[in-house]
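Coordinate inspection notes
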Amino acid sequence: MAENGNGAFSFASVNANGTARNGLARIQTNQKKNNGICHDDSAPPVKAQTIDELHSLQKKKSAPTTPIKGTQGPFATMSEEERQKQQLQSISASLASLTRETGPKVVKGDPAKKIAHVAHHYHTPTISVSDSSLKFTHVLYNLSPAELYEQAIKYEKGSFITSSGALATLSGAKTGRSPRDKRVVKDETTADELWWGKGSPNIEMDEHTFMVNRERAVDYLNSLDKVFVNDQFLNWDPKHRIKVRIVSARAYHSLFMHNMCIRPTPEELEDFGTPDFTIYNAGQFPCNRYTHYMTSSTSIDINLARKEMVILGTQYAGEMKKGLFSVMHYLMPRREILSLHSGCNMGKGGDVALFFGLSGTGKTTLSTDHNRYLIGDDEHCWSENGVSNIEGGCYAKCIDLSGEKEPDIWNAIKFGTVLENVVFDEHTREVDYSDKSVTENTRAAYPIEYIPNAKLPCVGPHPKNVILLACDAFGVLPPVSKLSLAQTMYHFISGYTALVAGTEDGIKEPQATFSACFGAAFIMLHPTKYAAMLAAKMQKHGATGWLVNTGWSGGSYGSGSRIKLAYTRKIIDAVHSGSLLQENFVKTDVFGLEIPTEVEGVPSDILDPANAWSDKKAYKDTRLKLAGLFKKNFELFTNYKIGEDNSLQEEILAAGPNF
């Protein structure tokens, strides 16, 4: 090359003999060997005229082409345009304000990207036109985890990819649920059906107030450039599956629900139709505190008649998960299906066990067993077909998580998993699970198939054992007791555990906690209804009830010692194998519990608390104290009647402590 007078470079001309004017040999290209094959490794040019066109070639379409029911011919399918039109009309109807005739104009896709073809739902203009009715609302519909990662990292502050590949997010000011801000519409139907009043988690609101909050949420979502829409399922039992639609403003929320609900196949999505229940998550926008029934800027509102839930003033994703669980606690019993806040696993022989327990009782640890299949870790249904997981994912606590203690959870935190409110190294992005700087309630949400021994689909036969777990810091309850049906109902309704809490003087002493049905915050009906259903199903299918204490033995906290996890695992193994049923049992005083005289691998002297305590008087005093706490708690439920008479209620009461 030579420089010309303008400072630019030009290629030197070449003579006919193959040499350039500067004497250098001419470079030969595309020379062919004797066999005629060219060894040039250059590729043909791309089929694109512009860089945008080149980028469009990078991603291929993945629209399904499932034949539509009722159409003629083996290849009859709905066109892509018609499919999108129907889908968008459904979403537009979901986002409709009830003060306007139609829903907003919606268009599929990211507003940041150029869209060649726009498919939207046109509506007839009205005289009272507003700015929001003039704009398009872009819908990001059932995005994949990879797409949601891109949206979160690009547009949501506080979103990062951690070293394991999980997406770290922040839930804002709220890092846990707000049960005092949860409301349920009380109407003619729910006034009689639901549990209201003292002890109930259901705080009433009227229809009008719900509509005010719904309008506020919908208007906020319609004012955004884009919204995320998830169409998914609840309940792995196909006969009793519920279709849910989640409309949200954050990629974090969309990915969370993608993981936690059951993910439809492309074919199932085509035939999705109208959802059975819809969530409007406008959590970044507060409710109006001057609205009737509002006690803060946060409100989580459920309208069972409209089959809708509205979230304002909290970005904590767990509100969606538990809100839907509450809905299932209403819908399923109406079908004679028992909804349960429990873990569930299955042995290789098909024997199923349910695990109930409050936080700190070991429910997750004991239901996660490498010798058994995991059906689910938190929410289940028991129908005429057996048990089924309600969810498609797991929502695990992460505080102090380690690969040694919880290898399954540790290994599940990878690409696709949502990590809530964790702290990580700013350079390596390695998470410090012991760091509570943001909150102690750090969580991971991941699809259930991330657990190696998960049973897919997440269904199983009727349970053989029902295990109620309590961490009794008073040291009164035996390590294991066999329960009658009436006792199972009593302890299921009680939902007892006792953990250690500090007092003002710094002295730590046991604090009794009772949560009806081991999930009082989520139940809709009176606890006795769920208990009666549980007993009926246990009796019909021959299940045995067990009360297992994972807390203290030989004394209360401070004098006794924590029952070793190895002993509890031996007890659970004996329950699963059926060998514990073959042991001899003796009855205790006051609580009337049947305790085995022997369990393989467990010291016999700890099986009866009366023998394990060295101070016999202290044991009897503590036993009476705990029995009194049980009795006082149960006063909430004594006046409730099921059926024509009080016989069931009397039977349950008689199964409690007698002193």
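Rules used in this analysis
Residues numbered from 1 in each chain as written. Predicted model: local features only at pLDDT ≥ 70, side-chain atom pairs only at ≥ 80, totals over all residues. Heavy atoms only, no water. Helix = DSSP H or I, 4+ residues; strand = E, 2+ residues; numbered from the N terminus. Areas by Shrake-Rupley, 256 points an atom, 1.4 Å probe, with all protein chains shown as cover. Pairing = 2+ DSSP bridges. Contact = heavy atoms within 4.5 Å. Axes fitted to C-alpha atoms, helices over the stretch in contact; angles between N-to-C directions. pLDDT = per-residue confidence, 0-100. 1 Å grid on protein atoms, 1.4 Å probe; cavity = no way out; pocket = protein on both sides within 12 Å on 5 of 7 lines; lining within 4 Å. Points joined across faces, edges and corners; volume = space filled by probe spheres on them. Nonpolar A, V, L, I, M, F, W, Y, C, P; charged D, E, K, R; others polar. Salt bridge = Lys/Arg side-chain N within 4 Å of Asp/Glu carboxyl O. Buried < 20%, exposed > 50% of the residue type's maximum accessible area, 1.4 Å probe, protein only. Polar contact = N/O pair within 3.5 Å; in protein donor to acceptor, adjacent residues only side chain to side chain. Phe/Tyr/Trp six-rings, centres within 6.5 Å; stacked < 30°, edge-to-face > 60°. Lys NZ or Arg CZ within 6 Å of the ring centre and 35° of its normal. Core = buried A, V, L, I, M, F, W, Y, C linked by side-chain atoms within 4.5 Å.

A closer look at the overall build of the chain
If you tally the helices and strands in the chain, you get 17 helices and 34 strands. On the chain, roughly 31800 Å² of surface is accessible, and the fraction owed to carbon and sulfur atoms is 51%.

Regarding the sheet that holds strand 4 (residues 136-141)
Here 9 strands make up an open sheet; going across it, the order is 3-4-9-10-11-13-12-7-8 and the pairing mixed. Across the chains shown, the open sheet's two edge strands, defined by having one partner strand only, are strand 3 (105-108) and strand 8 (204-205). Pairing between strand 7 (residues 182-185) and strand 12 (residues 299-303): 3 bridges, direction parallel. From the neighbouring strand, Lys182 faces strand 12, where its bridge partner is Ile300. Where helix 6 (residues 207-223) meets the sheet, it contacts strand 4, strand 7, strand 8, strand 9 (226-234), strand 10 (242-248), strand 11 (277-282), strand 12 and strand 13 (308-312), and its direction lies at approximately 65° from that of strand 13.

Considering the confidence of the model for the chain
Across the chain, pLDDT averages 87, with 83% of residues at or above 70. Counted against residues more than four places away or in other chains, residues 5-14, with its pLDDT under 50, gives 14 contacts. Segment residues 63-76 is flagged for pLDDT under 50; beyond a separation of four residues in sequence, or across chains, it makes 18 contacts in the model.

With respect to unusual backbone geometry
The linkage connecting Leu456 with the following residue, Pro457, adopts the cis geometry, with an omega of -5°. Within the secondary structure, Pro457 is located in the loop between strand 24 (443-447) and strand 25 (459-460). The backbone of Tyr293 shows a phi angle near 80°, a positive value even though the residue is not glycine. Within the fold, Tyr293 resides in the loop between strand 11 and strand 12.

Structural notes on empty space enclosed by the protein
Tallied over the entire structure, the rule returns 5 cavities of 30 Å³ or more. Empty space within the largest cavity amounts to approximately 70 Å³. Per-class residue counts for the lining of the largest cavity are 4 nonpolar, 2 polar and 4 charged.

What about the pattern of salt bridges?
Counting across every chain of the model gives 18 salt bridges. Here Lys186 ties to Glu204 by a salt bridge, and the two come within 3.6 Å at their closest N and O atoms. Within this pair, whereas Lys186 is found in the loop between strand 7 and helix 5 (188-193), its partner Glu204 is found in strand 8, the two being separated by 18 residues in sequence. A single network of salt bridges, built from pairs that share partners, joins Lys321, Lys322, Lys363, Asp378, Glu379 and Glu391.

Here we look at the sheet that holds strand 14 (residues 338-341)
Across the sheet, 4 strands lie side by side as 14-18-19-25; this open sheet has antiparallel pairing. Only two strands of the sheet have a single neighbouring strand rather than two, namely strand 14 and strand 25. By the bridge criterion, 2 bridges tie strand 19 (residues 386-389) to strand 25 in an arrangement that is antiparallel. In the strand pairing of strand 25, Ser388 is matched with Val459.

Things to note about the side chain of Asn202
Inspection of the secondary structure puts Asn202 in the loop between helix 5 and strand 8. For Asn202, a relative accessible area of 6% translates into the label buried. Polar side-chain contacts of Asn202 include one of 2.9 Å to the backbone oxygen of Trp195. A polar side-chain atom of Asn202 sits 3.1 Å from the main-chain carbonyl oxygen of Met524. Contact partners of Asn202, with chain neighbours within four places excluded, come to Val184, Leu194, Trp195, Trp196, Ile523 and Met524.

Quick word on the environment of Asp231
Mapped onto the elements of the fold, Asp231 is located in strand 9. Residue classification places Asp231 among the buried positions, given a relative accessible area of 1%. Note: C-alpha distance between Asp231 and Thr278 (47 residues apart in sequence) is 9.2 Å.

Observations concerning the packing of aromatic side chains
Taken as a whole and assessed by the stated rule, the structure comprises 21 aromatic pairs. Measuring from centroid to centroid gives 5.6 Å for Phe233 and Phe272, while their planes differ by 40°, and the two rings are tilted. In this pair, Phe233 is assigned in strand 9 and Phe272 in the loop between helix 8 (266-270) and strand 11, connecting sequence segments 39 residues apart. In this structure, Phe233 and Phe272 share a single accessibility class: buried. Connected via pairs of aromatic rings, a cluster forms that spans Trp195, Tyr490, Tyr496, Phe514, Phe591, Phe630, Phe634 and Phe637. Arg241 extends its terminal NZ or CZ atom over the ring of Phe233, reaching a point 3.7 Å from the ring centre. Stacked on the ring of Tyr395, the Lys or Arg Arg443 has its end atom at 4.9 Å from the ring centre.

Considering helix 7 (residues 251-260)
With 10 of 10 residues buried, helix 7 lies mostly within the body of the structure. Regarding helix 7, the residues found buried are Ala251, Tyr252, His253, Ser254, Leu255, Phe256, Met257, His258, Asn259 and Met260.

A short note on the nonpolar core
Generally speaking, nonpolar side chains in soluble globular proteins are found buried as a group. Trp382, Leu419, Tyr446, Phe492 and Phe591 are the most contacted members of the largest nonpolar core, which has 119 residues in total. If near-sequence neighbours (up to four positions away) are discounted, Phe492 is found in contact with Leu340, Phe356, Leu468, Ala516, Cys517, Phe518, Tyr530, Ala531 and Leu534. The next biggest cluster of nonpolar side chains, apart from the first, holds 26 residues, and it includes Ile91, Leu95, Val185 and Cys287.

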